Amino acid sequence: MAQALRAAAPTELDGISVSIRDLSLSYGSVEVLGDLNLDVQDGEFLVLLGASGCGKSTLLNCIAGLQPATEGQIFISGQNVTWAEPSERGIGMVFQSYALYPQMTVEGNLSFGLKNARVPKDEIRRRVARAAETLQLEPLLKRKPAALSGGQRQRVAIGRALVRDVDVFLFDEPLSNLDAKLRAELRVELKRLHQNLGNTMIYVTHDQIEAMTLADRIAIMRGGKIQQLASPDVIYRKPANLYVAGFIGSPPMNLLPGRLEGNRFTGPLVADVTGYDFTTRPRGPEVVLGIRPEHVRTGAAAEALPIRAEALVEVVEPMGADTLVWAQLGQTPFRVRMDGESRVRTGDRLSIGFDPASLSLFDAASETRL
Amino acid sequence: MSDAAFPARAATPARTAAPRGRLLDGPAGVAPTRRMNPKRIMVYGGLIVFSLYYLLPLWVMVMTSLKGMPEIRMGNIFAPPMEITFEPWVKAWSQACTGLNCDGLSRGFFNSVAITVPATILSIAVAAVNGYALVNWRFKGSEVFFTILIFGAFIPYQVMIYPIVIILREMGLMGSVWGLVLVHVVFGMPIITLLFRNYFSSLPPELFKAARVDGAGFWGIFLRVLVPMSLPIFTVAVILQVTGIWNDFLFGVIYTRPDSYPMTVQLNNIVNSVQGVREYNVNMAATLLTGLVPLTIYFLSGKLFVRGIAAGAVKG
Ligand SMILES: Nc1ncnc2c1ncn2[C@@H]1O[C@H](COP(=O)(O)OP(=O)(O)OP(=O)(O)O)[C@@H](O)[C@H]1O
Ligand SMILES: [Mg+2]
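Definitions and limits used
- Residues numbered from 1 in each chain as written.
- Chains lettered and ligands numbered in written order.
- Predicted model: local features only at pLDDT ≥ 70, side-chain atom pairs only at ≥ 80, totals over all residues.
- Heavy atoms only, no water.
- Patch = residues over 30% accessible without salt bridge, like charges linked within 9 Å, V, L, I, M, F, W, Y side chains within 5 Å.
- Areas by Shrake-Rupley, 256 points an atom, 1.4 Å probe, with all protein chains shown as cover.
- Salt bridge = Lys/Arg side-chain N within 4 Å of Asp/Glu carboxyl O.
- Helix = DSSP H or I, 4+ residues; strand = E, 2+ residues; numbered from the N terminus.
- Buried < 20%, exposed > 50% of the residue type's maximum accessible area, 1.4 Å probe, protein only.
- Near = heavy atom within 4 Å.
- Polar contact = N/O pair within 3.5 Å; in protein donor to acceptor, adjacent residues only side chain to side chain.
- Nonpolar A, V, L, I, M, F, W, Y, C, P; charged D, E, K, R; others polar.
- Domains from an automatic or database assignment.
- Contact = heavy atoms within 4.5 Å.
- Buried area = accessible area lost by both parts, 1.4 Å probe.

Moving on, we get to a nonpolar patch on the surface. All names here are of chain B. On the surface, Met-42, Val-43, Tyr-44, Leu-47, Ile-48 and Leu-52 cluster together into a nonpolar patch covering about 650 Å² of accessible area. Mapped onto the secondary structure, Tyr-44 falls in helix 4 (residues 38–65). Using a relative accessible area of 47% as the deciding quantity, one classes Tyr-44 as partly exposed.

Tallied over the entire structure, the rule returns 20 salt bridges over all chains. Between Glu-107 of chain A and Lys-142 of chain A there is a salt bridge, with the nearest N and O atoms lying 2.5 Å from each other. Taken together, the positions of Glu-107 of chain A in helix 3 (residues 106–116) and Lys-142 of chain A in the loop between helix 4 (121–134) and helix 5 (150–162) put the pair 35 residues apart, joining distant regions of the chain. For Glu-107 of chain A, a relative accessible area of 26% puts it in the partly exposed group. Between Lys-91 of chain B and Glu-279 of chain B there is a salt bridge, and its shortest N-O distance comes to 2.6 Å. Of this pair, Lys-91 of chain B sits in helix 6 (residues 87–94) while Glu-279 of chain B sits in the loop between helix 15 (263–272) and helix 16 (280–312), and the two are 188 residues apart along the sequence.

All names here are of chain A. Surrounding ligand 1, one finds Tyr-27, Val-32, Ser-52, Gly-53, Cys-54, Gly-55, Lys-56, Ser-57, Thr-58, Glu-173 and His-206. Within the contact set of ligand 1, an oxygen atom lies 2.8 Å away from a backbone nitrogen or oxygen of Gly-53. In this structure, Gly-55 approaches ligand 1 through a main-chain N or O atom, which is 3.0 Å from an oxygen atom. In isolation ligand 1 has 640 Å² of accessible area, and contact with the protein removes 57% of it. Broken down by class, the residue content of the shell around ligand 1 amounts to three nonpolar, six polar and two charged.

On to the domain arrangement of chain A, then. When the parts of a complex come together, some accessible area is lost, and that lost area is often used as the size of the interface. Residue and element names in this part refer to chain A. By domain assignment, chain A separates into domain 1 (2–242) and domain 2 (243–363). Look at where the C-alpha atoms of domain 1 and domain 2 centre, and you get two points 38 Å apart. With 17 residues of domain 1 at the interface, the matching set in domain 2 holds 17 residues. Between domain 1 and domain 2 the total buried area reaches about 1,500 Å² when both faces are included, carbon and sulfur atoms providing 64% of it. Three residues stand out in domain 1 for area buried against domain 2, namely Gln-208, Tyr-236 and Leu-242, and they jointly supply 46% of the buried area on that side. Linking domain 1 with domain 2 are one salt bridge, by the criterion used here.

Below you can see the structure in the form of structure tokens.
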């Protein structure tokens, strides 16, 4: 069995940087990860996204070798590393809490891993200098972490992974301890870094914006299982199930329960969904229709669209660039994102409309996309 | 800026200036504290009474140790010496007699140093590694191991005295300084391990993970990452162990022979040996000399000690 796998590895794992096969992890009787499969392409930026406690950090720790898996295998760069030490896996890791060694200078922090690997002194100096240049850490090299700002600390933490010249970078919510402005800045820096280095990056976050902006592909996790693995665009436009639909987007997608007979949807509104791109035929008549608040047109623009209805405006939240309208569609709450210029007031009757191509239909029983 | 936006207000500068002036006269900056109020008087009064209560015996001891015997016989133990003499101190250190020998406390002092230094170093070294392993390298049964270890702290010493005599005899260490060192190392283990375990578990686990990713092993992480950031807790451990071992009397008297008696036992023998007159001044000086080591340790490490105690108490 092991023999067969090793033989198969080179061809099967071509172009795949990290491969996770049937990975399970339990703490006692509590299963945190269950039968997880995931292939990460060479040079891909993969984001693990999910609510708190869904097992993102656990999965990352398994890949890093900091948490022994209960079952399954992990391959990195074509090697089976399931039993390998973290330092032997060719990974670098960046933690949310920075985890810098407080008694070492920035330089000491950067070179610690290289010293442990008995890299020659000249080589250490060269690599530290290069990482410091990339991350603009040169003036800080002699300082202790306590004398750095949060953003600088996180850059040192990234530098520590950088000097190791590894194939795979693992990030566990590296930006979530920073304030909004710095987060946005470092996000761009990270993206630039990835474009320059071309390494594989696996990045854990529960910030949707980070996920959408950074990722080549996003894996949405829930309860230790991957719900959908796709590009940000597909995740946004074609969520694979109700959970993903509700999780991505803020405000989230409007979900309207109803019945589908032929192409006719009856629920809080009546709609002819001809033009919707079905992936499977519905099994039962009970369905959920999903439409993103930003895909809803209002007023004159709505008139031309195949699906139309009228909603009663309850609350208006102007947010500058756009205005969020909380309305009622019959008894069902319904959110609309409008242009910032539009003038609506509480109590107005708003005529809305949308295109069947922009909506999502889910089977009510299995909660999966139709 | 506001002037431009609200020209109406700019037109009446007098009206805005007046209340502002009055505001400036009001309280500003640090609030004054009242020197004396009933609560403070109570607190300070209480503290003074208590410190007197504890300082008085010390005063009597220091004064008596600086007097000659004739002056002591005059009574009035609280009075400072009329004529200061260091004779009793010298005698206590190098000439005072026990039942067996007459070379004073010095013999006991050097024995105590020979016991305390290795016992402190060994017990802290082992306990620190224990605590580290218990937190960061959980092994099967590590919780059980820890429970048993802590349970050891609650077993009364008296129960173990005789079994230890047998063990030391079998090991050929009975009566030697090293036997006593071993006993102190073992008895210090539960509490010092607990101290280190609590401290290490209060450190962020990511630090340990980062070091593992950086390729540091068991000892590398311990010596190069954790130990350098554990100064406060090492200080606490050193203080606990040095004072505990230095002040020990029971184990010293049981497990050593007269020529390797620690200072406390030597002190007891000097104070209790009755040959002719009881030399109160020498006894006082001897007692002070014996207490000097723990006292010095406390003085030198005051701030670090408090910090370490606080750090160790963070997490159970
Ligand atoms: N040592 C442990 N023993 C038992 N359960 C644990 C242990 N560590 C983690 N868990 C559980 O495993 C689950 C996944 O934890 P994990 O830290 O991977 O979540 P996460 O997705 O990273 O969450 P967050 O976004 O809050 O960081 C959680 O439900 C947690 O309670
Ligand atoms: Mg996490």
